[in-house]
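# Coordinate inspection notes
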Amino acid sequence: MALYVHKYGGTSVGDTDRIKNVADRIIQARQRGEDVVVVVSAMSGETNKLVAYAQAVQERPDPRELDVLLSTGEQVTIALLAMALRQKGCPAVSYTGWQVGILSDDVHTKARIADIDTARVRAELAEGNVVVVAGFQGVTEEGDITTLGRGGSDTTAVALAAALKADECLIYTDVDGVYTTDPRVEPRARKLERITFEEMLEMASLGSKVLQIRSVEFAGKYNVPLRVLSSFKEGYGTLISYEETGVEKALISGIAFNRDEAKLTIQGVPDRPGIASKILVPIASANIEVDMIVQNVAEDKTADFTFTVHRNDYCKALEILEKNCGELGARRIAGDDKIVKVSLVGVGMRSHAGIASKMFEALANEGINIRMISTSEIKISVVVDEKYLELAVRTLHDAFELERAA
Ligand code: ADP
Ligand code: ASP
Ligand code: MG
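Predicted, not measured: the structure shown is a model, and the values here were computed from it.

### A short note on the sheet that holds strand β12 (residues 238-241)
Pairing within the open sheet is mixed, and its eight strands lie in the order β3-β6-β2-β1-β9-β11-β12-β10. Strands with a single pairing partner mark the edges of an open sheet, and in this sheet they are β3 (92-95) and β10 (194-196). For this sheet the average axis-to-axis angle between neighbouring strands, irrespective of direction, equals 20°. Sheet topology note: the strand β1 (residues 3-8)/strand β2 (residues 35-40) ladder contains six bridges and is parallel. In the sheet register, L3 faces β2, and the bridge partner there is D35.

### Side note on the sheet that holds strand β18 (residues 379-385)
Spatially, the six strands line up as an open sheet ordered β14-β15-β13-β16-β18-β17, and their pairing is antiparallel. At either margin of the open sheet sits one strand with a lone partner, and together these are β14 (290-297) and β17 (372-376). Averaged over all neighbouring strand pairs, the angle between strand axes comes to 25°, with direction disregarded. Pairing of strand β13 (residues 254-270) with strand β15 (residues 302-310), which is carried by eight bridges, proceeds in the antiparallel orientation. The residue bridging V269 from the neighbouring strand is A303, located in β15. Together, β16 (332-345), β17 and β18 form the strand contacts of helix α11 (residues 355-365), whose direction differs from that of β18 by roughly 20°.

### With respect to the environment of G101
Topologically, G101 is positioned in the loop between β3 and β4 (102-104). Considering only alpha carbons, one finds G101 and D115, 14 residues apart in sequence, at a separation of 7.9 Å. Among all residues touching G101, those that are not within four sequence positions of it are D115, I116 and D117.

### So, the site of ligand 1
The immediate surroundings of ligand 1 are formed by 17 residues, with T173, D174, Y179, D182 and R184 found nearest. Here D182 contributes a side-chain N or O atom positioned 2.8 Å from an oxygen atom of ligand 1. Bound to the protein, ligand 1 loses 85% of the 570 Å² it would expose on its own. Taken together, the residues of the shell around ligand 1 break down into six nonpolar, six polar and five charged.

### Brief notes about helix α1 (residues 16-31)
Because each turn of an α-helix spans 3.6 residues, side chains separated by three or four positions in sequence point in the same direction. With 16 residues, α1 should reach 22 Å at 1.5 Å per residue; the first-to-last C-alpha distance of 23 Å fits that figure. Taken together, the buried positions of α1 are I19, V22, A23, R25, I26, I27 and A29. One or two positions beyond α1, positive phi appears at G33, with a value near 90°.

### Thoughts on the site of ligand 2
The environment of ligand 2 is formed by S41, A42, T47, E74, F136, R150, G151, G152 and S153. T47 places a polar side-chain atom, nitrogen or oxygen, 2.8 Å from a nitrogen atom of ligand 2. The contact in question runs from an oxygen atom of ligand 2 to an N or O atom on the backbone of G151, over 2.9 Å.

### A word on the packing of helix α3 (residues 63-70) against helix α4 (residues 72-87)
The contact between α3 and α4 brings their axes to 5 Å, and the two run at 20°. The orientation of α3 relative to α4 falls into the category roughly parallel. Residues V68, L69 and L70 of α3 touch α4, and the partners they reach there are T72, G73 and E74. Broken down by class, the residue content of the contact of α3 with α4 amounts to three nonpolar, two polar and one charged.

### Regarding the pattern of salt bridges
According to the stated counting rule, one finds 24 salt bridges in the structure shown. Close ionic contact of D398 with R188 constitutes a salt bridge, the shortest N to O distance being 2.7 Å. Of this pair, D398 sits in helix α12 (residues 389-399) while R188 sits in the loop between β9 (168-173) and β10; the two residues are 210 residues apart in sequence, bridging distant segments of the chain. Of the residues examined, D398 reaches a relative accessible area of 41% and is grouped as partly exposed. A relative accessible area of 45% means that R188 is categorised as partly exposed. Taking the shortest distance from any N to any O, the salt bridge between R311 and E386 comes out at 2.7 Å. Note that R311 is positioned in the loop between β15 and α10 (314-328) and E386 in the loop between β18 and α12, a separation of 75 residues in sequence. Taking relative accessible area as the criterion, E386 reaches 30% and is therefore assigned partly exposed. Here the salt bridges do not stand alone but share partners, grouping R64, E65 and D144 into one network.

Rules and cut-offs
Residues numbered from 1 in each chain as written. Chains lettered and ligands numbered in written order. Predicted model: local features only at pLDDT ≥ 70, side-chain atom pairs only at ≥ 80, totals over all residues. Heavy atoms only, no water. Pairing = 2+ DSSP bridges. Helix = DSSP H or I, 4+ residues; strand = E, 2+ residues; numbered from the N terminus. Axes fitted to C-alpha atoms, helices over the stretch in contact; angles between N-to-C directions. Contact = heavy atoms within 4.5 Å. Near = heavy atom within 4 Å. Polar contact = N/O pair within 3.5 Å; in protein donor to acceptor, adjacent residues only side chain to side chain. Areas by Shrake-Rupley, 256 points an atom, 1.4 Å probe, with all protein chains shown as cover. Nonpolar A, V, L, I, M, F, W, Y, C, P; charged D, E, K, R; others polar. Expected span 1.5 Å × (residues − 1). Buried < 20%, exposed > 50% of the residue type's maximum accessible area, 1.4 Å probe, protein only. Parallel < 35°, antiparallel > 145°, perpendicular 65-115°, else oblique. Salt bridge = Lys/Arg side-chain N within 4 Å of Asp/Glu carboxyl O.

On their own, these measurements won't tell you what the molecule is for.
Printed below as a string of structure tokens:
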């Protein structure tokens, strides 16, 4: 019998009527003769509410306790969905992550799944049950509850699909597929029929929150066919899979953006070996991830060194630089946390020149100043002022004619 893993996100289980709607979808799948394992998120807004509770009682919430708290959001929805299914006459049983053997490492609040023991799920399927599993949570070898990072239910679903060798993993959400860019920013964005793992991974890493990065990594690694589709309307959504040879590919598949960026500049440091590591080692030691890095050398043999970090880490990074300013021999430290990153993604870039110049020209025509640039084989990213985000995305969408199918 065909086996599908369904995942329903926060909006899709946002209230009890929506949970009943999800139950109907599952029952339809069963009527087609499919076995179904379902992963659900917490109701929309619930995880944020729990984070706020924690912050209200402890300045920097203890990660272990935070995970105990955050994992409760999903426990509510698994029980309600199992009840909704039973109410409609469909045998169903709910399980938390630990009950169903989702083993993770012990990095609280962003744990990685290490192993899944599928025995219990398989036994329930064999009994004819729909198995409803809590997303976003795991358990360490010591028996402590963990969570998998925001958006982590996607990863639970893909990991279960891989472990169970499911035919497909269906990610049901509030959009009907993966679009050329976030339709909330560019309403003319076009839904993609297919996208490669490689491009989706790039889109997710560069800020498209439609899928958690790790879920795409996992799907690529274990070759789990992954589909993003709407829980509210019918359709085939977008299939994420390995590239098919011989199929003509669009030059650019999409535009991703990230609002969570901030940049820091150390001005006038002596231009000599070792200075970059002197600047960045203390940043790395504070567990701050650095994204883009640019260094310009002036005629007076001093250098300006600029790098970007997550906005949450901005104040901490600034503090570290200011403390080290004297030792680095720097003239001044400057920072800006009102910047964003906009990226063009497409495997077609590999074989085409001139994408970057076209991108820069389109932005220049709108008077958008580019503050930083970085490129790789299948993406070009620019950092621009936050106020230009929407304009930059729409301008590029237009310039590369993404509303039209290739
Ligand atoms: P869920 O709660 O179901 O996990 P998310 O909010 O995590 O849903 O992801 C769906 C949202 O992702 C959409 O509402 C959309 O605004 C956003 N999004 C960002 N980039 C894209 C994109 N390229 N295509 C589709 N949706 C996107
Ligand atoms: N509830 C979690 C979150 O809001 C996990 C998820 O929805 O995927 O991040
Ligand atoms: Mg999500």
